[in-house]
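Here are the chains, one letter per residue:
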Amino acid sequence: IYSDIAAAQAVFTSGVPVTVVPLDVSQQTLVSAARLAALEPDVAGILDRCAAFSRERWGHHAGPLHDPNVLARIAAPELYAGQCGVVRVSDQGRTVLEPGAGPHEVMLTVDAEGYLDWVWRYLDAAASSAAKRLQ
């Protein structure tokens, strides 16, 4: 929780159930060059430019798609495994899961290939829809 520690503390202490897909899970969803090559070139170029940051910052051979993980967790929960408990946020912004009964669930793993297959189905559908509108 980097940008707003106080807001995160308020959310996690509210009692509202919260599901977390942390960066260490979304960074497992790296997009290979082969996957990019299967996309329409303009879409592949956009994703590759986004991935460049991850390659430079973290030294990954490919870039992850962080944000769609949230949608995939809702639409295809079988792709994820997590643990329930209470999430605490330190004054430095570190989150710690206290396992057990609690309103929070933190994802620990993802079926990365299953996730990427899920994303690609929607990218293909969106590209097809856009192409039809342009005709």
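As a reminder, the structure under discussion sits directly above these lines.
Read on for an overview of the structure.

**Quick look at the pairing of strand 4 (residues 80–89)**
No. 1: As defined by bridge partners, strand 4 adjoins strand 6 (residues 104–110) across six bridges and the pair is classed as antiparallel. Within the sheet, the bridge partner assigned to cysteine 84 lies in strand 6 and is glutamate 105.
No. 2: Between strand 4 and the antiparallel strand that follows it, strand 5 (residues 95–99), lie five residues; glycine 93 among them carries a positive phi value of about 90°.

**Remarks on the pairing of strand 6**
Successive side chains on a regular strand alternate, one facing one side of the sheet and the next facing the other.
No. 1: Taken together, the three bridges between strand 1 (residues 18–20) and strand 6 define a ladder with parallel strand orientation. Note that in strand 6 the partner of threonine 19 across the bridge is glutamate 105.

**Considerations on the sheet that holds strand 4**
No. 1: Reading across from one edge, 1-6-4-5 is the order of the four strands in this open sheet, with mixed pairing throughout. The open sheet has two edge strands with one neighbour each: strand 1 and strand 5. Strand-to-strand twist across the sheet, computed as the mean angle between neighbouring axes with direction ignored, equals 45°.
No. 2: Both strand 4 and strand 5 contribute to a ladder of five bridges, which runs antiparallel.

**Here's the deal with the nonpolar core**
No. 1: Leu65, Tyr80, Tyr115 and Trp120 are the most contacted members of the largest nonpolar core, which totals 18 residues.
No. 2: For this core, the elements supplying multiple residues, two or more each, are helix 4 (41–58), strand 6 and helix 6 (112–134).
No. 3: Ignoring sequence-local partners within four residues, the contact set of tyrosine 115 consists of Thr29, Leu65, Pro68, Asn69, Ala72, Leu79, Tyr80 and Val110.
No. 4: Phe12, Val18, Val89 and Val106 belong to the second largest nonpolar core, which has six residues in total.

**What about helix 4?**
No. 1: Between its terminal C-alpha atoms helix 4 stretches 25 Å, which fits the 26 Å expected from 18 residues at 1.5 Å a residue.
No. 2: The sharpest bend along helix 4 comes to roughly 25°, located at cysteine 50.
No. 3: For helix 4, the set of buried residues is Ala44, Leu47, Ala51 and Ser54.
No. 4: Downstream of helix 4 by one or two residues, glycine 59 has phi in the positive range, about 75°.

**Some details on the pattern of salt bridges**
No. 1: For the structure on display, the rule yields four salt bridges.
No. 2: Close ionic contact of glutamate 105 with arginine 73 constitutes a salt bridge, the shortest N to O distance being 2.9 Å. Taken together, the residues span a long stretch of sequence, with glutamate 105 in strand 6 and arginine 73 in helix 5 (residues 68–75) at a distance of 32 residues.
No. 3: Taking the relative accessible area as the measure of exposure, arginine 73 reaches 17% and is therefore buried.
No. 4: Among the ionic pairs, arginine 88 bridges to glutamate 98, the shortest N-O distance being 3.2 Å. Linking arginine 88 in strand 4 with glutamate 98 in strand 5, this pair joins segments that are 10 residues apart in sequence.
No. 5: Note on glutamate 98: relative accessible area 37%, which makes it partly exposed.

Cut-offs and rules
Residues numbered from 1 in each chain as written. Predicted model: local features only at pLDDT ≥ 70, side-chain atom pairs only at ≥ 80, totals over all residues. Heavy atoms only, no water. Pairing = 2+ DSSP bridges. Helix = DSSP H or I, 4+ residues; strand = E, 2+ residues; numbered from the N terminus. Axes fitted to C-alpha atoms, helices over the stretch in contact; angles between N-to-C directions. Core = buried A, V, L, I, M, F, W, Y, C linked by side-chain atoms within 4.5 Å. Buried < 20%, exposed > 50% of the residue type's maximum accessible area, 1.4 Å probe, protein only. Contact = heavy atoms within 4.5 Å. Expected span 1.5 Å × (residues − 1). Bend = angle between axes of the 7 residues up to and from the residue. Salt bridge = Lys/Arg side-chain N within 4 Å of Asp/Glu carboxyl O.

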